[in-house]
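Take a look at the letters that make up each chain.
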Amino acid sequence: MDIVLLIKAAIMGVVEGLTEFLPISSTGHLILAGALLGFDDEKAKVFDIAIQTGAIFAVILVYWQKIRDTVVSLPSEKEAQRFALNVLIAFFPAVILGLLYGKAIKAHLFTPVVVASMFIIGGFIIIWAERRQEKNPAVTRIHDVDAMTAMDALKVGLAQCTAMIPGMSRSGATIIGGMLLGLSRKAATDFSFYLAIPTLIGAGAYSLFKDRALLSWADAPVFGVGLVMSFFSAWLCIRWLLRYIASHSFVGFAYYRIVFGLVVLATAWSGSVTWAA
């Protein structure tokens, strides 16, 4: 067993767990970490997607009460049915567009300029969204995910599709998109977590199936370590984030994105990181 490889897998799992649910793009951070660790071949790309499942288990644990109550009440209560339907409605746009344009996006948009631009543009959008709610609280009309309509869910789902552009961030697109559509910071964050469950599980399962020829049972320990570390780091991050947003905005993350975008450009220009699809 390669101990060095397991250590690299553990580091990548921690990076995934800490960045998946923050509006800062886990993909960008995994690419940088993988390049610096020499963990960036084709199998590593499958690993990066597969370990998202560990982060999703953390979401399920944190939101277990709501998930359990919804499943139990689904046959009889309209509120539970509406909530489950909203998650599905928000989920499908990314599935459709991913199947239609995923390969083209990966082939043509995964460049330093695109990634860095999305980091920076996304940062300014976060600042705009936060200041918009601060200056005009009336734009916030939904304070709980159960108050969302099917149209609200569809709009958030369409916002999630922008995360197909490298560097945009799935959580950033859904949380900030939700806020711009009238959700409170808390409601947008909660719905982003719920929407992540089918989205990331589906992406992980599809990637493992599509690239199964690259894998063997010998890879199980590496993937297992990544999943476990992703789970624990995501669990800590989610609990921290829910406390953080109770009294803080996302502006700090916006400035981080802008700086990180400049880092992406600097690493690409210097040649220290190879940004390839």
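Residues numbered from 1 in each chain as written. Predicted model: local features only at pLDDT ≥ 70, side-chain atom pairs only at ≥ 80, totals over all residues. Heavy atoms only, no water.

## Let's talk about the overall build of the protein chain
Now for step 1: A tally of regular secondary structure across the protein chain gives 12 helices and zero strands.
Now for step 2: Each helix (α) and strand (β) of the protein chain, taken in turn from the N terminus, gives the series α-α-α-α-α-α-α-α-α-α-α-α.
Now for step 3: Here the C-alpha atoms of the protein chain give a radius of gyration of 18 Å, agreeing with the 19 Å that 2.2 N^0.38 yields for 277 residues.
Now for step 4: Structurally, the protein chain occupies a C-alpha span of about 50 × 40 × 35 Å along its principal axes.
Now for step 5: Across the 277 residues of the protein chain, 49% fall into the buried class.
Now for step 6: For the protein chain, the share of sequence-separated contacts (at least 6 apart) that also reach a separation of at least 24 residues comes to 83%.
Now for step 7: Of the roughly 13300 Å² of accessible surface on the protein chain, a fraction of 70% belongs to carbon and sulfur atoms.
Now for step 8: Positive and negative side-chain charges in the protein chain, numbering 22 and 18 respectively, have mean positions lying 5 Å apart. (Helix = DSSP H or I, 4+ residues; strand = E, 2+ residues; numbered from the N terminus. Rg over C-alpha atoms; globule rule 2.2 N^0.38 Å. Buried < 20%, exposed > 50% of the residue type's maximum accessible area, 1.4 Å probe, protein only. Contact = heavy atoms within 4.5 Å. Areas by Shrake-Rupley, 256 points an atom, 1.4 Å probe, with all protein chains shown as cover. Lys, Arg positive; Asp, Glu negative; His and termini not counted. Charge placed at Lys NZ, Arg CZ, Asp CG, Glu CD.)

## Description of the pattern of salt bridges
Opposite charge on two side chains makes pairing possible when the charged atoms of those side chains draw close.
Now for step 1: For the structure on display, the rule yields eight salt bridges.
Now for step 2: Across the pair Arg68 and Asp69 runs a salt bridge whose closest N-O atoms are separated by 3.0 Å.
Now for step 3: The class for Asp69 is partly exposed, based on a relative accessible area of 32%. (Salt bridge = Lys/Arg side-chain N within 4 Å of Asp/Glu carboxyl O.)

## Let's talk about the nonpolar core
Now for step 1: Grouped together as the largest cluster of nonpolar side chains are 45 residues, with contacts concentrated most on Phe21, Val59, Met148, Phe191, Leu241 and Phe250.
Now for step 2: Of all the secondary structure elements, the ones that give two or more residues to this core are α4 (52-62), α6 (78-108), α7 (112-135), α8 (150-161), α9 (170-180), α10 (185-210), α11 (220-244) and α12 (251-270).
Now for step 3: If you tally residues by element for this core, the top one is α10, at nine residues.
Now for step 4: In this view, Val59 contacts Phe21, Phe193, Ile197 and Ile238; residues no more than four positions away in its chain are not counted.
Now for step 5: Among the nonpolar cores identified, the runner-up in size contains 14 residues, and Leu30, Ala33, Ala50 and Phe223 belong to it. (Core = buried A, V, L, I, M, F, W, Y, C linked by side-chain atoms within 4.5 Å.)

## A short note on the environment of Ala246
Now for step 1: Here Ala246 shows up in the loop between α11 and α12.
Now for step 2: With 60 residues separating them in the primary sequence, Ala246 and Lys186 have C-alpha atoms 7.5 Å apart.

## Side note on unusual backbone geometry
Now for step 1: The phi torsion at Ser25 lies on the positive side, around 75 degrees, for a residue other than glycine.
Now for step 2: Among the structural elements, Ser25 can be located in the loop between α1 (3-19) and α2 (26-37).
Now for step 3: On the basis of relative accessible area, Ser25 is assigned to the buried category, the value being 2%.
Now for step 4: Here Ser169, not a glycine, exhibits a phi torsion of approximately 90 degrees, which is positive.
Now for step 5: Structurally, Ser169 can be placed in the loop between α8 and α9.
Now for step 6: For Ser169, a relative accessible area of 5% gives the class buried.

## Considerations on the packing of aromatic side chains
Now for step 1: Taken as a whole and judged by the stated rule, the model has 14 aromatic pairs.
Now for step 2: Taking 4.8 Å as the distance between ring centres and 65 degrees as the angle between the ring planes, the aromatic pair formed by Tyr63 and Tyr194 counts as edge-to-face. With Tyr63 in the loop between α4 and α5 (64-73) and Tyr194 in helix α10, the pair connects residues that are 131 residues apart, well separated along the chain. Note on accessibility: Tyr63 and Tyr194 belong to one class, buried.
Now for step 3: Here the aromatic cluster, defined as three or more aromatic residues joined through ring pairs, consists of Phe21, Tyr63, Phe83, Phe193 and Tyr194.
Now for step 4: Against the face of Phe83 rests Lys66, its NZ or CZ located 4.5 Å from the ring centre.
Now for step 5: Sitting over the face of the ring of Phe209, Arg212 holds its NZ or CZ atom 4.2 Å from the ring centroid. (Phe/Tyr/Trp six-rings, centres within 6.5 Å; stacked < 30°, edge-to-face > 60°. Lys NZ or Arg CZ within 6 Å of the ring centre and 35° of its normal.)

## Comments concerning helix α3 (residues 42-50)
Now for step 1: Along α3, the positions that sit buried rather than exposed are Ala44, Val46, Phe47, Asp48 and Ala50.
Now for step 2: Structurally, α3 contributes buried residues whose contacts are with α1, α2, α4, α10 and α11.

## Regarding the packing of α7 against α12
Now for step 1: Closest axis-to-axis distance for the α7/α12 pair is 8 Å, and the angle between their directions is 165 degrees. For the element pair α7 / α12, the angle class is roughly antiparallel. Once α7 is placed against α12, the crossing between them reads as left-handed.
Now for step 2: Considered class by class, the residues forming the contact of α7 with α12 number 19 nonpolar, three polar and three charged. (Axes fitted to C-alpha atoms, helices over the stretch in contact; angles between N-to-C directions. Parallel < 35°, antiparallel > 145°, perpendicular 65-115°, else oblique. Left-handed = near helix turned anticlockwise from the far one by under 90°. Nonpolar A, V, L, I, M, F, W, Y, C, P; charged D, E, K, R; others polar.)

## A short note on the side chain of Thr199
Now for step 1: Mapped onto the elements of the fold, Thr199 is located in helix α10.
Now for step 2: Given a relative accessible area of 14%, Thr199 falls into the buried group.
Now for step 3: A polar side-chain atom of Thr199 sits 2.8 Å from the main-chain carbonyl oxygen of Leu195.
Now for step 4: Contacts of Thr199, omitting those with residues within four sequence positions, involve Phe91, Gln160 and Arg170. (Polar contact = N/O pair within 3.5 Å; in protein donor to acceptor, adjacent residues only side chain to side chain.)

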